[in-house]
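Descriptive structure summary
Each chain, letter by letter, is given below.
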Protein chains: 2
Amino acid sequence: MDTVVKLLDNPADAITDALRGLAAIHPELSVNLEQHVVSRADDRRPGKVGLVSGGGSGHEPLHAGFVGLGMLDAAACGEVFTSPVPDQVLAATRAAADGAGVVHVVKNYTGDVMNFRMAAELADDEDVAVETVLVDDDVAVSGSTYTAGRRGTGGTLFVEKILGAAAEQGMGLADVAALGRDVVAASRSFGVAVSPCTTPGSDKPGFDLAPGEMELGIGIHGEPGRRRVRVPDGELAREIARTSVAAIADDMPVDDQDLILLVNGMGGTPLLELQVLAGDVVSELTGRGGRIARALVGNYVTSLEMAGSMVSVCRATPQLLDLWDAPVRTPALRWRA
Amino acid sequence: MDTVVKLLDNPADAITDALRGLAAIHPELSVNLEQHVVSRADDRRPGKVGLVSGGGSGHEPLHAGFVGLGMLDAAACGEVFTSPVPDQVLAATRAAADGAGVVHVVKNYTGDVMNFRMAAELADDEDVAVETVLVDDDVAVSGSTYTAGRRGTGGTLFVEKILGAAAEQGMGLADVAALGRDVVAASRSFGVAVSPCTTPGSDKPGFDLAPGEMELGIGIHGEPGRRRVRVPDGELAREIARTSVAAIADDMPVDDQDLILLVNGMGGTPLLELQVLAGDVVSELTGRGGRIARALVGNYVTSLEMAGSMVSVCRATPQLLDLWDAPVRTPALRWRA
């Protein structure tokens, strides 16, 4: 495979340069180019619980693109596919702290869990109370290259949107954290890759995928899933929809449920194809008695230029739907009720 | 080059299936699966000028993803990279007609121009007055595989957003069309490809691009640009920014101007890279004395999974900025003032 051409200036500076670009076009964000921390520069409600997330870069718009009114107060951006260090998370926590404590939304990868925990302890030393919500929504595998237990993937978007709205409305620290655990418990994801991705500065993909093969249950760093199969000759989107929805529904019933649906692109798959897949996913879910209450289709939790998809589903109560619908104003998600 | 794996069910049904998916997740849209026409199903202001666009598919979210309050009333979706036929455009025109006439926003490609003109004549027979706004913002080349004169590309987004707001506010037919011509006159674009794209059902890319080469001035169907060059060893994003902004500024001064900026991905380039490019584009423009009044970064006018970028710039008057900021609620653009 040929080396992928990257629209970068210097691979070693990719994150700094990307954050400089984010700052240049989003004056409503405050970007710390030393620490790689993005936070809200607009007015926050005094005494609001702070909401912080972060993780390795390469999943844009997650997380920095979700900073803003009604979602995250700050995000710590690690190097590509590498957890941010505790000092970065601490800086994000400080930026988000406003006297009512801070919730950390942490995707379940070993490095992230460890570094967010250390940052929480450092914050505690500064009298900032931190609660942690661990996201482990990926049903594909339990334990992989990067993690013990299930991985945190597309469901992170549900958690960040819903907790962001709850915090904006004045919910207290313990309640926001408890709500976060409820959202995690109601969320499931399953991903598929049809081509790999290459990290900046590397001269080959992070994993091999022979032409005509696809990886079912792929992780967002390209880590292995459940199995590798031949791409079928026809109805590929339907096959992916069937496999993804079956994996989710085997783990969490979707019948007679209001669902928030994310049909997510991994970065390199065009929207035309995501729309085809979305149609198939909706029929699979409704065929199982689920009701699509809300849906998003696009590139939200990505793996650089990987081609493929992730289906994420959240079983939504009326409270969760209200919070989902609440106003949000971030680079990647923006709406008003 | 290996065949690109497409997340489709049947390449021949790609557009129908994609529109079925769009309908499944956007109940606020009315989707005609026979004619491949997408229109607003929500309430429209009575007596509003209708706004219609369309063109070949493969550029998603353009145009169907821009249907909704404050933007298009209807879009006609041709086959991939193929103009919609007059009957489709007529169906879209009927869906958008509400007694005050209809404006056609047409990208300047030979097939589109001809088919929209025929549809306008058919609409006239039905006593629907049609005005046409021809978009030819691409400074790269004058005349190419698909067109006589300049091509219509990224600037189409500016035209559709601004005219959509004007129509929503009650502006009359002739004035909306005249405003559209002003926006076209104030808009310029320049694109670059670092990898090609393959249309559904084809077994090879629409054009060849040797590894390590890039096409400067690429069209949104992969048609040739100004020249093909070696990808530089470093500072690729800066080189693309410099070349794109120079091509634009040579054609239309940007100094001492308020600018609306679109740093657009061609479909296969990850957001991390588009953000790096955006930072470089902003410094090139501000270095020439331009002021970034508004900016969008992401995949808005694409070429399937092509990797690369398009920079589009609109010189904005206070009126254009007000219309840009006006509420919009479509699948791909959504905000409130």
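In this text, all values refer to a predicted model and were calculated from it rather than measured experimentally. (Residues numbered from 1 in each chain as written. Chains lettered and ligands numbered in written order. Predicted model: local features only at pLDDT ≥ 70, side-chain atom pairs only at ≥ 80, totals over all residues. Heavy atoms only, no water.)

Here we look at the sheet that holds strand E6 (residues 130-135) of chain B
Two modes of strand pairing occur in sheets, parallel and antiparallel, and in both the strands are linked by backbone hydrogen bonds. Residue and element names in this part refer to chain B. Pairing in this open sheet of six strands is mixed, and the strands run E1-E2-E4-E3-E5-E6 from one edge to the other. Each of the sheet's edge strands pairs with one partner strand only, and the pair in question is strand E1 (29-32) and E6. Mean inter-strand twist for the sheet, computed between neighbouring axes without regard to direction, equals 20 degrees. Contacts between helix H1 (residues 14-25) and the sheet are confined to E1, strand E2 (37-40), strand E3 (50-57) and strand E4 (74-80), with E4 contributing the most and set at about 145 degrees to the helix. (Pairing = 2+ DSSP bridges. Helix = DSSP H or I, 4+ residues; strand = E, 2+ residues; numbered from the N terminus. Axes fitted to C-alpha atoms, helices over the stretch in contact; angles between N-to-C directions. Contact = heavy atoms within 4.5 Å.)

What to know about the interface of chain A and chain B
Contact with chain A, which involves 52 residues of that partner, is made by 51 residues of chain B. Buried surface at the junction of chain A and chain B, summed over both partners, amounts to about 4,500 Å²; 68% is from carbon and sulfur atoms. Interface area lost by chain A to chain B is led by Leu7(A), Asp9(A) and Leu272(A), which between them contribute 19%. Along the contact surface separating chain A from chain B lie two salt bridges. Across the pair Lys6(A) and Glu273(B) runs a salt bridge whose closest N-O atoms are separated by 3.8 Å. Applying the counting criterion to the chain A and chain B interface returns 14 residue pairs in polar contact (both at pLDDT 80 or more). It is helix H7 (residues 271-287) of chain A that contributes the most residues to the side of chain A that touches chain B, ten residues altogether. In terms of residue class, the side of chain A that touches chain B is made up of 30 nonpolar, ten polar and twelve charged. (Buried area = accessible area lost by both parts, 1.4 Å probe. Salt bridge = Lys/Arg side-chain N within 4 Å of Asp/Glu carboxyl O. Polar contact = N/O pair within 3.5 Å; in protein donor to acceptor, adjacent residues only side chain to side chain. Nonpolar A, V, L, I, M, F, W, Y, C, P; charged D, E, K, R; others polar.)

Some details on the pattern of salt bridges
Taken as a whole and judged by the stated rule, the model has 42 salt bridges over all chains. The partner of Arg40(A) in a salt bridge is Asp73(A), and the shortest N-O contact between them spans 3.4 Å. Note that Arg40(A) is positioned in strand E2 (residues 37-40) and Asp73(A) in the loop between strand E3 (50-57) and strand E4 (74-80), a separation of 33 residues in sequence. Across the pair, Asp73(A) and Arg40(A) agree in class, each one buried. Here Arg150(B) makes a salt bridge to Asp251(B), at a shortest N to O gap of 2.6 Å. Placement of Arg150(B) in the loop between E6 and helix H4 (155-168) and of Asp251(B) in helix H6 (residues 236-251) is noted, with a sequence separation of 101 residues between them. On the basis of relative accessibility, which here comes to 23%, the residue Arg150(B) falls in the partly exposed class. Under the relative-accessibility criterion, Asp251(B) is labelled partly exposed at 30%. Residues joined in a network through salt bridges with shared partners are Arg40(A), Asp42(A), Arg44(A), Lys48(A), Asp73(A), Glu168(A) and Arg329(A). (Buried < 20%, exposed > 50% of the residue type's maximum accessible area, 1.4 Å probe, protein only.)

As for the relation of the copies chain A and chain B
Two copies of a chain can be linked by a rotation about an axis combined with a shift along that same axis. With an RMSD of 0.0 Å, the fit of chain A onto chain B corresponds to turning through 180 degrees and sliding 0.0 Å along the axis. The symmetry that links the two subunits is that of a two-fold axis. By C-alpha distance to the rotation axis, the residue of chain A lying nearest is Gly268(A), at 2.2 Å. Interface overlap between copies is the fraction of interface residues in one copy that are interface residues in the other; for chain A against chain B it reaches 98%, indicating a shared surface. (Least-squares fit on C-alpha atoms with pLDDT ≥ 70 in both.)

Observations concerning the packing of helix H4 (residues 155-168) of chain A against helix H5 (residues 173-185) of chain A
Residue and element names in this part refer to chain A. Close contact between H4 and H5 brings their axes to 10 Å; oriented N to C, the two are set at 150 degrees. Between H4 and H5, the interaxial angle falls into the category roughly antiparallel. The chirality of how H4 crosses H5 is right-handed. On H5, the residues touching Phe-158, Val-159, Ile-162, Leu-163, Ala-166 and Ala-167 of H4 are Val-176, Leu-179, Gly-180, Val-183 and Val-184. Considered class by class, the residues forming the contact of H4 with H5 number ten nonpolar, one polar and no charged. (Parallel < 35°, antiparallel > 145°, perpendicular 65-115°, else oblique. Left-handed = near helix turned anticlockwise from the far one by under 90°.)

What about the confidence of the model for chain A?
Residues shown with low pLDDT carry predicted positions that ought not to be read at fine detail. Put simply, chain A has an average pLDDT of 96, and 99% of its residues get 70 or more. Predicted complex, confidence summary: ipTM 0.97, pTM 0.97. (pLDDT = per-residue confidence, 0-100.)

A few points about the sheet that holds strand E9 (residues 227-230) of chain B
Residue and element names in this part refer to chain B. Read across the open sheet, the six strands follow the order E9-E8-E7-E12-E10-E11; overall the sheet is mixed. Single-partner strands in this sheet number two, and they are E9 and strand E11 (291-298). Adjacent strand axes in the sheet meet at a mean angle of 15 degrees, parallel and antiparallel pairs treated alike. Of the strand pairs in this sheet, strand E8 (residues 213-216) and E9 are connected by four bridges, and their pairing is antiparallel.

Section: the side chain of Ser303(A)
Relative to the helices and strands, Ser303(A) resides in the loop between strand E11 (291-298) and strand E12 (307-315). Apart from residues lying up to four places away in sequence, Ser303(A) is in contact with Gly58(A), His59(A), Phe81(A), Cys197(A), Gly219(A), Ile220(A), His221(A) and Met266(A).

Focus on the pairing of strand E10 (residues 258-265) of chain A
Residue and element names in this part refer to chain A. In terms of burial, E10 is largely enclosed, as seven of its eight residues are buried. The sheet contact formed by E10 and E11 spans seven bridges and is parallel. The residue bridging Ile-260 from the neighbouring strand is Arg-294, located in E11. Each parallel crossover has a hand, and for E10 linked through H7 to E11 it is right-handed. (Right-handed = clockwise from strand over helix to strand, strands pointing away.)

Description of the state of the cysteines
Chemically, a disulfide is nothing more than a covalent bond linking the sulfur atoms of two cysteines. The final tally for this structure, using the stated rule, is zero disulfides over all chains. The thiol sulfur of Cys197(B) is not disulfide-bonded, and the nearest other cysteine sulfur, from Cys77(B), lies at 18 Å. (Disulfide = S-S within 2.5 Å.)

Section: H4(A)
Between its first and last C-alpha, H4(A) extends 20 Å over 14 residues, near the 20 Å set by a 1.5 Å rise per residue. Of all 14 residues in H4(A), 14 are buried; the element is thus mostly enclosed. (Expected span 1.5 Å × (residues − 1).)

Notes on the packing of aromatic side chains
Counted under the stated rule, the structure contains four aromatic pairs over all chains. Ring centres of Trp324(B) and Trp335(B) lie 5.5 Å apart, and the angle between their planes is 50 degrees; on these two criteria the pair is classed as tilted. Taken together, the positions of Trp324(B) in helix H8 (residues 318-325) and Trp335(B) in strand E14 (residues 334-335) put the pair eleven residues apart, joining distant regions of the chain. A connected cluster of aromatic rings, assembled from ring pairs, spans Phe158(A), Trp324(A) and Trp335(A). (Phe/Tyr/Trp six-rings, centres within 6.5 Å; stacked < 30°, edge-to-face > 60°.)

Remarks on the domain arrangement of chain A
Residues and elements named next belong to chain A. Segmentation of chain A into domains returns domain 1 (15-185) and domain 2 (187-315). Computed from C-alpha atoms alone, the centre-to-centre distance between domain 1 and domain 2 is 24 Å. At the junction of the two partners, domain 1 supplies 30 residues and domain 2 supplies 34 residues. The largest share of the area that domain 1 buries against domain 2 comes from Phe-81, Val-139 and Phe-158, three residues that together contribute 24% of it. At the surface where domain 1 touches domain 2, the tally comes to one salt bridge. (Domains from an automatic or database assignment.)

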